[in-house]
Amino acid sequence: MDAMDRAIVNSLQGGFPVTEQPFADVATTLGLSEDDLISRIGNLLVQGTLTRFGPMYHAERLGGALTLAAMKIPPAEFDRVAEIVNSFPEVAHNYARDHAFNMWFVLATETPEEIGRVIVKIEHKTGHIVHNMPKVEEFFVGLRFEA
Amino acid sequence: MHAAQIKTSSVESDTMPIDTTDRRIIAATQAGLPLVTRPYHAIAEQLGIEPQEVMQRMNRMCESGVIRRIGAVPNHYALGYQANGMSVWNVPDDRVSELGRKIGDLDCVSHCYHRPRHLPDWPYNVFAMVHGRDRAEVEQKVKQIAELLGDANQGHTVLYSTRILKKTGLRISA
C-alpha cells in the first residue's frame, strides 16, 4: 500500500458519487486517472485491505432486523457450537471473545419476527441459551479507519 | 469527521417504503459496485432498467438513510487496527441516552448502543466498540470513557475478540 492507496482508503469511506462516471469524478480530485483508480481499488480488494466497495445498507430500514446475541459455551463444546451457529445463514458475524459470555454473533433476518424463531432454533440445536441483546437505542455508527 | 446520530430502531423500521425494484438494486449491489467506468449503467443493464432510474433510486436511498454511505469498506485488521475491544458499561437507566451520546461522540468509538441487561450475569446496558492498534491503545481509550462517565460508571469490562468465527456481509434478497 503506497501513499496513493492510503489516500484512496482514507478519502473514499463515504460520499462516492452516484453519477455517470463516478470513478472518473473521484479520480480527478485524487489526481489519478480513472483507470488507475479502478485498478487500485481492485487491488485493495484482492489484497484484503478493503472488504467491499459499494453501498452500505441499513438493514432495519429495509424492513429487516438485526440483533446481537451472546452465548456462554464451555470450552470443550465451543467448536461444536460454533459450527452449528455458523451454519445458520442468518448469522452474519460471529466472534469468540475472552469472557464467560464467549460467543457473540449478529443475527440478520428479513423480518423482526424471524429473530425470535432463529434464536429458538439455535438454542434447540446447541442445547445452550442464547442471550438476545437487541439495540434499544443507537448513539453512533460509522467510524472511519485511517490507513 | 462524523456527527453523532441518535435513532430509535423501532421507529425507523416502519417508515421506509422500499419497492421490488429497489430490492433488486440492493441485491445487485450489496456485494459491491462493479469496478467499471459506468458502474450504475452496468447494474441497470444487468437488471434491465434505465441507468437514470438506478441512479435516481440510489440517490433516494442515500437521502432516506436506506444506504448509510457509498464507498470503501476497509478491513480494519489489514489497516493495523488489530485490537478490537467491546467495552460494556453499567450506567443508571435514567441516564443511558445522555451518557451513550457522550460516549458516541468520542473519536475512538465506532458503535455505541443501549442494549438490555441480562441479570444477574450481565449487568451492562451500554456497549461501545473501541478500536486500536494494540490493546494498550484500547485500554487507554477505555480509561477515557471511564473518566467521562465518572460516578455514573457502576461497572465496566472490555471483551476482546480472540477469533473471528464467521464474517459475511448482510444478505438481502431481492
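Here the structure is a predicted model, which means the values were calculated and not measured.

What counts as what
- Residues numbered from 1 in each chain as written.
- Chains lettered and ligands numbered in written order.
- Predicted model: local features only at pLDDT ≥ 70, side-chain atom pairs only at ≥ 80, totals over all residues.
- Heavy atoms only, no water.
- Buried < 20%, exposed > 50% of the residue type's maximum accessible area, 1.4 Å probe, protein only.
- Helix = DSSP H or I, 4+ residues; strand = E, 2+ residues; numbered from the N terminus.
- Arc of directions from axis to C-beta.
- Contact = heavy atoms within 4.5 Å.
- Phe/Tyr/Trp six-rings, centres within 6.5 Å; stacked < 30°, edge-to-face > 60°.
- Lys NZ or Arg CZ within 6 Å of the ring centre and 35° of its normal.
- Salt bridge = Lys/Arg side-chain N within 4 Å of Asp/Glu carboxyl O.
- Axes fitted to C-alpha atoms, helices over the stretch in contact; angles between N-to-C directions.
- Left-handed = near helix turned anticlockwise from the far one by under 90°.
- Nonpolar A, V, L, I, M, F, W, Y, C, P; charged D, E, K, R; others polar.
- Buried area = accessible area lost by both parts, 1.4 Å probe.
- Polar contact = N/O pair within 3.5 Å; in protein donor to acceptor, adjacent residues only side chain to side chain.
- Pairing = 2+ DSSP bridges.

**Section: helix α3 (residues 39–47) of chain B**
Inference 1: Buried within α3(B) are the following residues: B:Pro39, B:Tyr40, B:Ile43, B:Ala44 and B:Leu47. Taken down its axis, α3(B) places every buried residue within 140° of arc, on the same side. Facing away from the buried side of α3(B) by more than 90 degrees, the exposed set consists of B:Glu45 and B:Gln46.
Inference 2: Elements that come into contact with the buried residues of α3(B) comprise α2 (22–30) of chain A together with α2 (20–29), α4 (51–64) and β1 (67–74) of chain B.
Inference 3: Of the residues flanking the end of α3(B), it is B:Gly48, one or two places downstream, whose phi is positive at about 70°.

**A closer look at the packing of aromatic side chains**
Describing an aromatic ring pair means giving the distance of the ring centres and the angle of the ring planes.
Inference 1: In total, this model carries nine aromatic pairs over all chains according to the counting rule given.
Inference 2: Judged by centre distance (6.4 Å) and plane angle (45°), the ring pair of A:Phe101 and A:Trp104 falls under tilted. For the pair formed by A:Phe101 and A:Trp104, the shared burial category is buried.
Inference 3: Ring plane angle 55° and centroid distance 5.2 Å describe the contact between A:Trp104 and B:Trp122, whose orientation is recorded as tilted. You can see A:Trp104 sitting in strand β4 (residues 103–109) and its partner B:Trp122 sitting in the loop between β3 (109–114) and β4 (126–132), one on each of two chains. The two residues A:Trp104 and B:Trp122 agree in class, both being buried.
Inference 4: Three or more aromatic residues link up through ring pairs in this structure, and these residues are A:Phe101, A:Trp104, B:Trp122, B:Tyr124 and B:Phe127.
Inference 5: The ring of A:Tyr95 carries A:Arg97 above its face, with NZ or CZ at 5.3 Å from the centroid.
Inference 6: Note that B:Arg115 overlies the ring of B:Phe127, its terminal NZ or CZ placed 5.3 Å from the centroid.

**As for the pattern of salt bridges**
Inference 1: Counted under the stated rule, the structure contains 17 salt bridges over all chains.
Inference 2: Across the salt bridge formed by A:Asp36 and A:Arg40, the nearest N and O atoms sit 3.5 Å from each other. Residue A:Asp36 and its partner A:Arg40 are both found in helix α3 (residues 34–47); the two are separated by four residues, about one turn of the helix.
Inference 3: Linking B:Arg163 and A:Asp79 is a salt bridge whose minimum nitrogen-to-oxygen distance equals 3.3 Å. Taken together, the positions of B:Arg163 in strand β5 (residues 156–167) and A:Asp79 in helix α4 (residues 78–86) put the pair across two chains.

**A word on the packing of α2(B) against α3(B)**
All names here are of chain B.
Inference 1: Between α2 and α3, whose axes approach to 11 Å, the crossing angle comes to 120°. Classified by chirality, the crossing of α3 by α2 is right-handed. Across the interface between the two elements, Arg24, Ile25, Ala28 and Thr29 from α2 touch Ile43, Gln46 and Leu47 from α3.
Inference 2: The residue makeup of the contact of α2 with α3, split by class, is four nonpolar, two polar and one charged.

**Some points on the interface of chain B and chain A**
For interface size, the figure often reported is the accessible area lost on association.
Inference 1: Each partner contributes to the interface: chain B provides 92 residues, whereas chain A provides 74 residues.
Inference 2: Surface buried jointly by chain B and chain A totals about 8000 Å² across both partners, of which 58% is contributed by carbon and sulfur atoms.
Inference 3: At the boundary of chain B with chain A, the tally comes to four salt bridges.
Inference 4: A:Asp98 serves as the salt-bridge partner of B:Arg135, at 3.8 Å between the closest nitrogen and oxygen.
Inference 5: For the pair chain B and chain A, the number of links is 38 residue pairs in polar contact (both at pLDDT 80 or more).
Inference 6: Within the side of chain B that touches chain A, the residues separate by chemical class into 44 nonpolar, 32 polar and 16 charged.
Inference 7: Of the strand pairs in this sheet, strand β1 (residues 50–57) of chain A and β1(B) are connected by seven bridges, and their pairing is antiparallel. Each residue of the ladder has a partner; that of A:Phe53, found in β1(B), is B:Ala72.

**With respect to the pairing of β4(A)**
Residues and elements named next belong to chain A.
Inference 1: For β4, a buried count of six out of seven residues is recorded, marking the element as mostly surrounded by other parts of the structure.
Inference 2: Note that strand β2 (residues 65–71) and β4 share seven bridges and pair antiparallel. Bridge pairing in β4 links Thr67 to Leu107.
Inference 3: Bridge count for strand β3 (residues 91–97) against β4 is five bridges, and the pairing is antiparallel. From the neighbouring strand, Tyr95 faces β4, where its bridge partner is Trp104.
Inference 4: Between β3 and the antiparallel strand that follows it, β4, lie five residues.

**Quick notes on the environment of B:Ala146**
Residue and element names in this part refer to chain B.
Inference 1: Locating Ala146 in the fold gives a position in helix α6 (residues 135–149).
Inference 2: Remark: the alpha-carbon pair of Ala146 and Trp89, spanning 57 residues in sequence, is separated by 9.0 Å.
Inference 3: With residues near it in sequence (within four places) discarded, Ala146 still touches Trp89, Asn153 and His156.

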